Amino acid sequence: MWRVAIYAREAPGRSGRALLDRQVGRLVAQAARQPGWHHVAAYADQSTGDWRVRPGLSRLLADAPVYFDVVVVDGYGRVSPNRRELRVILDHLRAAGVTMIVLRPTAGRRFAKAVANFALADVLGEALS
């Protein structure tokens, strides 16, 4: 049985808390559906700042070697949009024996959206000609 934690992050703002709550709910539901996974903790931040000043992420990194084996995130950008920071965080988790599972890699989603937009523009262009 894998002990699973989730991490969610959203920017602060008017709808930020609702978006954060939905993200946490999706991640918890996804973890609950996986055979052999036992959801043990949820960490969340409503912040856009440096990774070292996010209390949820700080607690996750401190708890990593003791409380869970896997951390599930929606996308790498939720952990950190900065590649260097992300590398430091991933290295810390690996050293603690924790695996990060990304449910929806952000770059793949952006690429798929861009391809869809180009296809739509092509179809609209042909229809208007």
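Residues numbered from 1 in each chain as written. Predicted model: local features only at pLDDT ≥ 70, side-chain atom pairs only at ≥ 80, totals over all residues. Heavy atoms only, no water.

**Overview of the packing of helix 2 (residues 55-67) against helix 4 (residues 83-95)**
Basically, it comes down to this: Angular values range over 0 to 180 degrees, each being the angle between N-to-C directions of two axes fitted as lines to C-alpha atoms, with helices fitted over their stretch in contact. Counting from the N terminus, the helices are the DSSP runs of H or I reaching at least four residues and the strands are the DSSP runs of E reaching at least two. For classification purposes, angles smaller than 35 degrees are called roughly parallel, those larger than 145 roughly antiparallel, those between 65 and 115 roughly perpendicular, and all remaining angles oblique. Residue contacts are counted whenever heavy atoms from the two residues lie within 4.5 Å of one another. Just so you know the grouping, Ala, Val, Leu, Ile, Met, Phe, Trp, Tyr, Cys and Pro go in nonpolar, Asp, Glu, Lys and Arg go in charged, and all remaining residues, Gly too, go in polar.
Interhelical geometry of helix 2 versus helix 4 gives an angle of 30 degrees and a closest axis separation of 9 Å. Comparing their axes, helix 4 and helix 2 come out roughly parallel. Of the residues in helix 4, those touching helix 2 at L57, L60, L61 and A64 are I89, H92 and L93. Here the residues of the contact of helix 2 with helix 4 are counted per class, giving six nonpolar, one polar and no charged.

**What about the sheet that holds strand 2 (residues 37-46)?**
Quick reminder of the rule: Criterion used throughout: strands pair if DSSP finds at least two bridges between them.
In space, the four strands of this open sheet follow the order 2-1-3-4, with parallel pairing throughout. Edge positions in the sheet fall to strand 2 and strand 4 (99-102), since each has one partner strand and no second. Strand-to-strand twist of the sheet, defined as the mean angle between neighbouring strand axes without regard to direction, takes the value 25 degrees. The sheet contact formed by strand 1 (residues 2-10) and strand 2 spans nine bridges and is parallel. Pairing of R3 across the sheet is with H38, part of strand 2. With respect to the sheet, helix 2 is in contact with strand 1, strand 2 and strand 3 (70-73), its orientation differing from that of strand 2 by roughly 155 degrees.

**Some thoughts on the environment of S80**
Test applied: Each residue is placed in one exposure class: buried if its accessible area under a 1.4 Å probe, protein chains only, is under 20% of its type's maximum, exposed if it is over 50%, and partly exposed if it falls in between. Nitrogen and oxygen atoms within 3.5 Å of one another constitute a polar contact, given that in protein one can donate a hydrogen and the other can accept it, and given that sequence-neighbouring residues count only through two side-chain atoms.
With respect to the element layout, S80 can be found in the loop between helix 3 (76-79) and helix 4. Take S80: its relative accessible area is 3%, and that puts it in the buried class. Residues in contact with S80, not counting those within four places in the same chain, are R54, E85, L86 and I89. A distance of 3.2 Å separates a polar atom in the side chain of S80 from the backbone nitrogen of N82. Engagement of the side chain of S80 in a polar contact is seen with the side chain of E85, the distance being 2.8 Å.

No statement about biological role is implied by the geometric values presented.
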